[in-house]
Amino acid sequence: MPTSTLIRRARLVPVRTKVAPDSPVDIRISDGVVTEVGADLRPGPDDDILDAAGRWAVPGLWDAHVHLTAWAQARAKLDVSGTASTVQVTRIVADHVASLPSPWQGGAIVGYGFRPATWPTAPTVAELDAVSGAHPVILGSADIHTGWVNSKALALLGVAPRTGPLLEGEWFDLQPAVARLTAAGGDADLMLRAAVADAAAVGVVGVVDFEMAANHLDWPRRFDAGIDLLRVRPVTYAEHLDDAIAAGLRTGTEFSAGGGLLTQGTLKIFSDGSLNTRTAYCCEPYADAHALESPRGQRVYSLAELENLLTRGRRGGFDIALHAIGDAAVDQALTAFESTGTRGSIEHAQLIRLEDVARMRALGVRASVQPGHLLDDRDVTNQCWPDRADRCFALRSMLDGGVELALGSDAPVSPLDPWGAMAAAVHRATGDDAPWNPDESLTAAQALAASTDGQGTIGVGSRGDVVLVDEDPLRSTGSTADTAHLLRNIGVAATMVAGRVTHLAM
């Protein structure tokens with residue numbers, strides 16, 4: 001069995017450096033690390049040889065924020081995305097119910113993808129009851145912050161009767177039960193294997209998994225079962241923190257399972273809600289504040305409560321991944337990071353005050369951002385935050401201000417596809433549409449550098465995580481739209497994790 005991989009004739013793409021060799025080079029990976037880079041390296045007796053044939057080599061790509069089980073199961077769910085009203089959704093549900101064969105009658109229907117923020121009316125339980133027959137129906141919103149269910153599903157999930165949707169905390173608590181119902185019609189591990197293979201096929205070598213579950217228990221079992229094509233950093237949530245600490249885990253701890261690919265991630269904390277539910281916590285009222293119970297959105301914790309949680313995590317050896325979407329939530333998050341001396345990231349940072357960029361840099365707080373969200377939230381931003389839209393997804397301002405960016409998808413909110421995320425960061429629009437706030441666009445080089453988990457141009461000492469692509473992702477093009485098209489259609493020929501081929505299409 002080979003202990004070394006020799007990649008022949010690869011062109012190095014400069015990442016976090018200005019230049020790379022002009023001519024193709026060979027790359028040797030031994031024991032998971034790049035040990036040689038040069039022209040015409042001599043093959044060793046243990047080398048597994050892969051001829052890149054002049055393709056371009058980039059460091060392995062990461063998704064810094066994904067809900068991997070939810071993403072894996074999304075393909076088994078009823079897709080209600082792209083709908084513009086409750087009527088359109090209930091029509092899809094009714095048609096689905098009518099199409100089910102008799103053996104499936106009465107089984108739970110789980111769907112995803114609706115975005116109610118711009119709908120003319122809010123969803124109600126009664127509307128689903130009218131079209132669902134004997135089926136429990138459970139629909140999750142695209143941003144994962146809202147659950148729309150019928151009466152049978154409320155009973156199945158042990159939730160008291162209600163007239164409207166489940167929001168945030170209540171909905172988050174039900175995610176393990178929803179995942180079990182989704183997997184009931186198939187093999188959960190099989191779904192996950194397919195999702196991991198698909199990720200490898202687009203050049204992903206690692207993910208930070210934000211699944212709302214006991215991840216410190218689930219992931220070692222999965223690696224033992226052979227679900228091992230990616231590096232995984234599972235986060236923990238407050239309800240599992242004590243158990244994780246008791247198991248000897250802290251941020252950066254390698255699990256005994258996984259052969260070095262499975263490492264404990266951060267402590268995830270929610271500090272506010274989302275734009276689509278009008279619960280992102282803002283400095284100024286929403287444009288439609290007159291219709292809202294909380295005109296500026298909602299914070300989950302007071303500052304003192306948030307500081308206590310961060311301190312609890314820091315004392316247990318955990319960095320913090322702090323969800324903050326509104327600018328007031330970001331402000332409070334930075335105050336809590338500073339007062340507790342905690343390290344970590346702000347997840348999403350969708351709306352920020354530009355003066356907070358300097359605070360983020362000074363504290364070393366990373367911005368974990370999902371450019372795909374800006375494609376989905378453009379219309380609702382113009383509706384809810386028209387007076388502050390220029391401060392939404394301020395990617396270039398943060399980067400120019402010295403803040404480290406880490407790109408992700410928040411899948412299943414956006415697809416687990418780093419090339420799509422890079423394209424959104426570069427063009428900030430779909431297709432040939434005019435970019436939204438083009439001054440906040442990243443260059444292709446900046447977007448790529450924010451997608452490699454800190455890895456630079458492949459060289460001696462680099463991780464043995466290499467992706468071969470059919471075109472130069474930094475090739476000069478005529479416009480940001482052209483660059484976005486190039487990135488979305490790049491063509492991944494091979495993916496290697498620690499020198500092991502996890503995807504091959506050449």
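Within an unreviewed UniProt entry, the label attached to the chain reads Amidohydrolase family protein, and the organism entered is Gordonia rubripertincta.

(A) Region of interest: the overall build of the chain. Along the chain, the regular secondary structure elements total 17 helices and 22 strands. The C-alpha atoms of the chain give a radius of gyration of 23 Å, which matches the 23 Å a tight globule of 506 residues would have. A principal-axis box enclosing the C-alpha atoms of the chain has dimensions of 70 × 55 × 50 Å. Taking all 506 residues of the chain together, 57% fall into the buried category. Within the chain, counting contacts between residues at least 6 apart in sequence, those at least 24 apart form 73% of the total. Within the structure as shown, the chain displays about 20000 Å² of accessible surface, and the carbon and sulfur contribution to it stands at 51%. Taken together, the 42 basic and 62 acidic charged side chains of the chain have centroids lying 3 Å from each other.

(B) Layout of the sheet that holds strand 13 (residues 231-234). Taken together, three strands build an open sheet; the order of strands is 6-12-13 and the sheet is parallel. Since the sheet does not close on itself, it has two edges, and those belong to strand 6 (61-66) and strand 13, each with one partner. Across the sheet, the mean angle from the axis of one strand to that of its neighbour is 15 degrees, orientation sign disregarded. Of the pairings in the sheet, the one linking strand 6 to strand 12 (residues 204-209) comprises four bridges and is parallel in character. Bridge assignment links L61 to a residue of strand 12, and that residue is V204. Sitting on the sheet, helix 8 (residues 215-224) touches strand 12 and strand 13, and the angle it makes with strand 13 is about 160 degrees.

(C) Expanded view of the sheet that holds strand 9 (residues 137-141). Spatially, the five strands line up as an open sheet ordered 7-8-9-10-11, and their pairing is mixed. Whereas interior strands pair on both sides, the edge strands pair on one side only; in this sheet they are strand 7 (78-79) and strand 11 (166-167). In this structure, strand 10 (residues 146-149) lies alongside strand 11, joined through two bridges in antiparallel fashion. Residue T146 lies in a different strand from strand 11, and its bridge partner there is L167.

(D) Inspection of helix 13 (residues 372-384) at higher detail. Helix length check: helix 13 (13 residues) gives 19 Å between terminal C-alpha atoms against 18 Å at 1.5 Å per residue, within 8%. The largest bend in helix 13 comes to about 55 degrees, at R378. Those residues of helix 13 not exposed but buried are G372, H373, L374, D377, V380, T381 and C384. On the buried face of helix 13, the contacting elements are helix 15 (418-427).

(E) Layout of the packing of aromatic side chains. Summed over all chains, the structure comprises seven aromatic pairs. With centroids separated by 5.9 Å and ring planes inclined at 75 degrees, the aromatic side chains of F114 and W148 adopt a geometry described as edge-to-face. Within this pair, whereas F114 is found in strand 8 (residues 109-114), its partner W148 is found in strand 10, the two being separated by 34 residues in sequence. By relative accessible area, F114 is classed as buried at 1%. On the basis of relative accessible area, W148 is assigned to the buried category, the value being 0%. Aromatic pair W219 and F223: ring centres 5.9 Å apart, planes at 55 degrees, arrangement tilted. With a gap of four residues between them, W219 and F223 both fall in helix 8, about one helical turn apart. In this structure W219 comes out as buried when scored by relative accessible area, which is 1%. What makes F223 buried here is its relative accessible area of 7%.

(F) How the structure looks around the state of the cysteines. What the rule picks out here adds up to zero disulfides. Left without a disulfide partner, C282 is nearest to the cysteine sulfur of C283, which lies 7.4 Å away.

(G) Focus on the pairing of strand 20 (residues 466-469). By the alternation rule, side chains of strand 20 split into V466 and L468 and V467 and V469, which are all buried. Across four bridges, strand 5 (residues 56-59) lies against strand 20 in antiparallel orientation. The residue bridging P59 from the neighbouring strand is V466, located in strand 20. Summarising the sheet, strand 20 and strand 21 (residues 492-497) pair through four bridges and their orientation is antiparallel. The residue of strand 21 that forms the bridge with L468 is A494.

(H) The arrangement of the nonpolar core in detail. Counting residues in hydrophobic clusters, the biggest one holds 87 residues, and the most contacted among them are I346 and M398. Looking at this core, the element that brings in the most residues is helix 11 (residues 327-340), giving seven residues. Residue contacts for M398: discarding those within four places in its chain leaves A349, I352, V357, M360, A367, V369, V403 and L405.

Rules and cut-offs
Residues numbered from 1 in each chain as written. Predicted model: local features only at pLDDT ≥ 70, side-chain atom pairs only at ≥ 80, totals over all residues. Heavy atoms only, no water. Helix = DSSP H or I, 4+ residues; strand = E, 2+ residues; numbered from the N terminus. Rg over C-alpha atoms; globule rule 2.2 N^0.38 Å. Buried < 20%, exposed > 50% of the residue type's maximum accessible area, 1.4 Å probe, protein only. Contact = heavy atoms within 4.5 Å. Areas by Shrake-Rupley, 256 points an atom, 1.4 Å probe, with all protein chains shown as cover. Lys, Arg positive; Asp, Glu negative; His and termini not counted. Charge placed at Lys NZ, Arg CZ, Asp CG, Glu CD. Pairing = 2+ DSSP bridges. Axes fitted to C-alpha atoms, helices over the stretch in contact; angles between N-to-C directions. Expected span 1.5 Å × (residues − 1). Bend = angle between axes of the 7 residues up to and from the residue. Phe/Tyr/Trp six-rings, centres within 6.5 Å; stacked < 30°, edge-to-face > 60°. Disulfide = S-S within 2.5 Å. Core = buried A, V, L, I, M, F, W, Y, C linked by side-chain atoms within 4.5 Å.

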